[in-house]
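# Architecture and fold: a report
Each chain is listed here by its residues.
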Amino acid sequence: MGDSSESRPSEKNEQENEEDKESVQSEEIEPKLKYSRIANDLLNILYKDAASCIAVHPKFICIGTHFGWIYMLDHQGNSVRHKDMSTGYNAHTVSVNQISVDVNGDFIASCSDDGKVLIHGFYTSEYNHTMTLGRLVKCVAIDPNYAKTGRRFITGDERLVLHERTFLSRIKSTVLFDMSVEGGVQNIRWNEAGQHIAWATQLGVRVYDIHNKCSLGLIKWTKSTNFQNEKARCNLCWKDTNTLLVGWLDSVRILNVRKRSPAEMALTPDWPQYLVENILSFQTDFLICGIGPLHEHLVVLGYWKNEEGPQRPQLHVLEPRLGDYGSICTDNLSLRGYHQYTACDYYLECIIEENCYLIVSPKDIVAASPYDADDRIDWLIEHFKFEDAMEAVTSSEKDLQRHTKLSVGQSYLDHLLFLEQYQEAAKLCHDILGNNKRLWEEEVLKFARVHQLRTVSPYLPLDSNPLEPYIYEMVLYEFLKTDPEGFLSKIKEWPPVLYNVPAVVNATLEHLLVVSQQTFKSVLLEALALLYSYDNKYDKALQMYLKLGHSGVFDLIAKHNLYGVIHNMIEDLMELNADLTITLLDSGEVPPDIVVARLSSNKHLLYRYLDALDQRKDRSAAKKYHGLLVSLYADFAKDKLLALLRRSDHYPIQEALNICKDRCFYPEMVYLLGRIGNTKEALNLITHQLGDIEYAITFCKEHDDPDLWEDLISCSLKRPDFITFLLQRIGTYIDPRLLVQRIDSGMTIPGLKHSLVKLMQDYNLQVSVQEGCKKILVSDYFNLHERLVCMQQRGVLIDDEYFCGACHRKVIVKDVNEKNNIVIFYCHHLFHEECLPPLQLIVSCVICNSPKTNKSSIFNSTIK
């Protein structure tokens, strides 16, 4: 409401600079109300006259002036012309005291100290009325339903008088109350239902039931100690049909008119049907110039009287509490000429349905209304509280008319860029701009102007709805110039479809010419290798990686299946990283023959490759190279040689033996000599070169040759330590007497006693084992025989499916006269007793022992 071109009432005027110097903290408090000064035609009206009272309606505003004029304006201050009222009409000769409007906004009533009361219709003059009372009329209230209920109105002076039209349009006046002893009527308010009338005097507030024609009681004032000398004016406002807000001096009361319950009516039947309750009251620190509701809060126009000098009125939003109140917000109002006025010169009227409040002074009228979602965001943006504004626009997006998350977010981004908070701005871009390519490109250009493309780069859209290629190229170019490592990181991170790869390659090559630091050159060469691979120039990419000695070459080969072009690079790859090369070659894409040929000049790398090839689960590919691998193991991995010799049959034994002889690899020579049958020489190597009697015994056990045992004993007869070991070990393999009988008499043998005891224990163990085996065999024999007998003695199930093996009749019959004894053999063949020879002559089953009978056919026929 109000002209947007007008300044907010609390803004500074040139004449009010000193008074408007408020603290910064108070200005930073988020307001609850917004203000607009009503201007247009009202400015001219108040320029030559002064407002004395006001009445408001959702349709219009009525202004009464000190010169007795009444003007009807719209909410922007424009004059509303109706019939005989062009810009206003001179209703009274002196100041208008009060104006009252009916619910529909069709009629107004006004009164003045000239003693006149006027009823004026805007759309019809049929019910217009002018009444002269001959005394000062301070207040008037028109029936809310004036045109329907007898066209009533009430006037207040020394008395409260009800006026209503009767038969033949005569006016009947009824004195409801005589207030001469209470100081006269100050204010009258008729609720919208038209049943209850509230009026105030110097003594208190009364409520009258117009239907039942009775008073509901008096709510007396509490004597104020703060403002004893102040001329009192009571402010009344019906919040709804039953709730009355009262403000007098520094006291606020909330009254409730309720209907008495049947129980209450039964106790006091003579009392009125309705009663008035004071449900809440409290005192303020200021004089009250007007009061109105704002949801569960109160809007109060106040005036600080305890301060020296002229004061500006204040509009308070209060939270009523029991005996106290909480201040939600307080706004100082700079009304025109405020330094000339006192508290009684200000009025507050409200349009409850619209939460609109009009603050009236003689020369100015200001409209206040609660901040809506858009207004709150306006204030937050104006005070650079963008984070709160973003939260507000997110939480109340459905209620916004002028603002959107995008518009507020763009303002926030501009603010952050102005403050050089580039990182914070970059983080917000995705949330604010979403997938809008045009907005993204505009915002990126803003970052480019301040050379902060690197800051916004992590937040650019990549996968879905990417931006134009030049955006990403701009970012890469900034990285290239200022941060080569960041440039490489972006090349790795960003898909190459986002930008023009050849253009970036050319820029990189140009920049390489001017880069002096070797570290940066290496980084750029790596980036160049990646770019070449993106551009499908794999040969250049491989060369670049090899030149750098970079392991990324292996990923490149595997990713793009470049095995066919690396044949001439195998040795270079092995030199770069043998393990990764071997892993790469394990795929089998490169034939082993080619690899062996390329590594033939470097035996160590060839050994690494063939060793890995032989470690695969499928060793078939390595078998043909086992002869070469024997030589390589002999040079680089002797510990693996014997294992290879033992498990493989794919190497020339004689060549392997010659290699081992040249290097004096005795264990390997022993194994190879054993394979070719030269066991005596092998045993000789073990005993003479290795001196390992345990290995010699193991070798003899493997070949199980009596001659080898004889040779071992012969060579051990001169070695007491060998004899000792043989006495302890051979007792379970050969006859110990072969050794004992050949030991020279008088030879000193260390540990002989212990060795002989061990020998006898081994011999006794052999005997014990043999006896134990014999006992087990006998026990198993009898156990199995007993099981056989038990099984043969078990009962046999016979049903009517079995037939006699001789007559082929069923063995089980239902006729008792045909029953016969049954004979069953262990082979499960059945016979009638009468079908067999005498049992004394039968030794076994005649079917199983018949040489000419086909047993299977007999068995089958029996089953049938």
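Okay, so let's go over this structure. (Residues numbered from 1 in each chain as written. Predicted model: local features only at pLDDT ≥ 70, side-chain atom pairs only at ≥ 80, totals over all residues. Heavy atoms only, no water.)

### Let's talk about the overall build of the protein
Counting secondary structure elements, the protein contains 30 helices and 30 strands. Expressed as a percentage of contacts within the protein between residues at least 6 apart in sequence, the contacts between residues at least 24 apart total 50%. Taken as a whole, the protein presents about 45,000 Å² of accessible surface, with 50% of it coming from carbon and sulfur. (Helix = DSSP H or I, 4+ residues; strand = E, 2+ residues; numbered from the N terminus. Contact = heavy atoms within 4.5 Å. Areas by Shrake-Rupley, 256 points an atom, 1.4 Å probe, with all protein chains shown as cover.)

### What to know about the packing of aromatic side chains
In total, this model carries 17 aromatic pairs according to the counting rule given. Taking the centre distance of 5.9 Å and the plane angle of 15° together, the rings of Trp-69 and Tyr-71 count as stacked. The interplanar angle of 5° and the centroid separation of 4.6 Å between the aromatic rings of Trp-221 and Trp-248 together place this pair among those described as stacked. Residue Trp-221 is found in the loop between strand 17 (214-220) and strand 18 (234-238), and its partner Trp-248 is found in strand 19 (residues 243-248); the two are separated by 27 residues along the sequence. In this structure Trp-248 comes out as buried when scored by relative accessible area, which is 7%. An aromatic cluster of at least three residues, connected via ring pairs, comprises Phe-107, Tyr-127 and Tyr-146. The aromatic ring of Tyr-347 is capped on one face by Arg-233, whose charged end is 4.4 Å from the ring centroid. (Phe/Tyr/Trp six-rings, centres within 6.5 Å; stacked < 30°, edge-to-face > 60°. Buried < 20%, exposed > 50% of the residue type's maximum accessible area, 1.4 Å probe, protein only. Lys NZ or Arg CZ within 6 Å of the ring centre and 35° of its normal.)

### Notes on the sheet that holds strand 22 (residues 287-294)
Sheet architecture is open: 4 strands sit in the order 22-23-24-25, paired in antiparallel fashion. The sheet terminates laterally at strand 22 and strand 25 (324-332), the two strands that pair on one side only. Pairwise comparison of adjacent strand axes, ignoring direction, gives a mean angle of 25° for this sheet. Taken together, the 5 bridges between strand 23 (residues 297-303) and strand 24 (residues 314-321) define a ladder with antiparallel strand orientation. Bridged to Val-300 within strand 24 is His-316. (Pairing = 2+ DSSP bridges. Axes fitted to C-alpha atoms, helices over the stretch in contact; angles between N-to-C directions.)

### Quick word on helix 4 (residues 373-382)
Listing the buried residues of helix 4 in full gives Ala-373, Asp-374, Asp-375, Ile-377, Trp-379 and Leu-380. The N-cap of helix 4, judged by a side-chain oxygen 3.2 Å from the amide nitrogen of Asp-374 a few residues on, is Asp-372. Phe-384 occupies a position one or two residues after helix 4 and carries a positive phi of about 60°. (Polar contact = N/O pair within 3.5 Å; in protein donor to acceptor, adjacent residues only side chain to side chain.)

### Considerations on the pattern of salt bridges
All chains considered together, the criterion is met by 31 salt bridges. A salt bridge links Arg-135 to Asp-157; the shortest N-O distance between them is 2.8 Å. On the criterion of sequence distance, the pair formed by Arg-135 in the loop between strand 9 (129-132) and strand 10 (139-142) and Asp-157 in the loop between strand 11 (153-156) and strand 12 (159-165) is long-range, its members being 22 residues apart. Classification of Arg-135 by relative accessible area gives partly exposed; the value is 27%. With a closest N to O distance of 1.9 Å, Arg-647 and Asp-614 form a salt bridge. On the criterion of sequence distance, the pair formed by Arg-647 in helix 21 (residues 641-647) and Asp-614 in helix 19 (residues 603-614) is long-range, its members being 33 residues apart. For Arg-647, a relative accessible area of 37% puts it in the partly exposed group. What makes Asp-614 buried here is its relative accessible area of 0%. Salt bridges linked by common partners bring Lys-34, Asp-372, Asp-375, Asp-378 and Arg-402 together as one network. (Salt bridge = Lys/Arg side-chain N within 4 Å of Asp/Glu carboxyl O.)

### Regarding the pairing of strand 20 (residues 251-259)
Counting buried positions along strand 20 yields 7 of 9 residues, so the element is predominantly enclosed. As defined by bridge partners, strand 19 adjoins strand 20 across 6 bridges and the pair is classed as antiparallel. In the sheet register, Trp-248 faces strand 20, and the bridge partner there is Ser-251. A loop of 2 residues connects strand 19 with strand 20, the two strands running antiparallel in sequence, and Leu-249 in this loop sits at a positive phi of about 50°. Bridging between strand 20 and strand 21 (residues 274-283) involves 9 bridges; their strand directions are antiparallel. Bridge assignment links Arg-253 to a residue of strand 21, and that residue is Ser-281.

### Looking at the environment of Glu-668
Position of Glu-668 relative to the elements: it lies in helix 23 (residues 666-675). Judged by its relative accessible area of 3%, Glu-668 falls in the buried class. Discounting residues that sit within four places of it in the chain, Glu-668 has contacts with Lys-638, Leu-641, Leu-642, Leu-645 and Cys-660.

### A few points about the side chain of Arg-260
Checked against the element boundaries, Arg-260 lands in the loop between strand 20 and helix 3 (262-267). Despite its burial, Arg-260 pairs with no opposite charge, the nearest such side chain being Glu-264 at 4.8 Å. Separated by 2.7 Å, the side chain of Arg-260 and the backbone oxygen of Glu-264 make a polar contact. Of note is the side chain of Arg-260, whose polar atom sits 2.9 Å from the backbone oxygen of Pro-272. Other than its neighbours up to four places away in sequence, Arg-260 contacts Met-265, Thr-268, Trp-271, Pro-272, Gln-273, Tyr-274 and Leu-275. (Lys, Arg positive; Asp, Glu negative; His and termini not counted.)

### Details of a nonpolar patch on the surface
A surface patch of nonpolar side chains, amounting to about 340 Å² of accessible area, comprises Val-778, Tyr-781 and Phe-782. Here Phe-782 shows up in helix 29 (residues 752-792). (Patch = residues over 30% accessible without salt bridge, like charges linked within 9 Å, V, L, I, M, F, W, Y side chains within 5 Å.)

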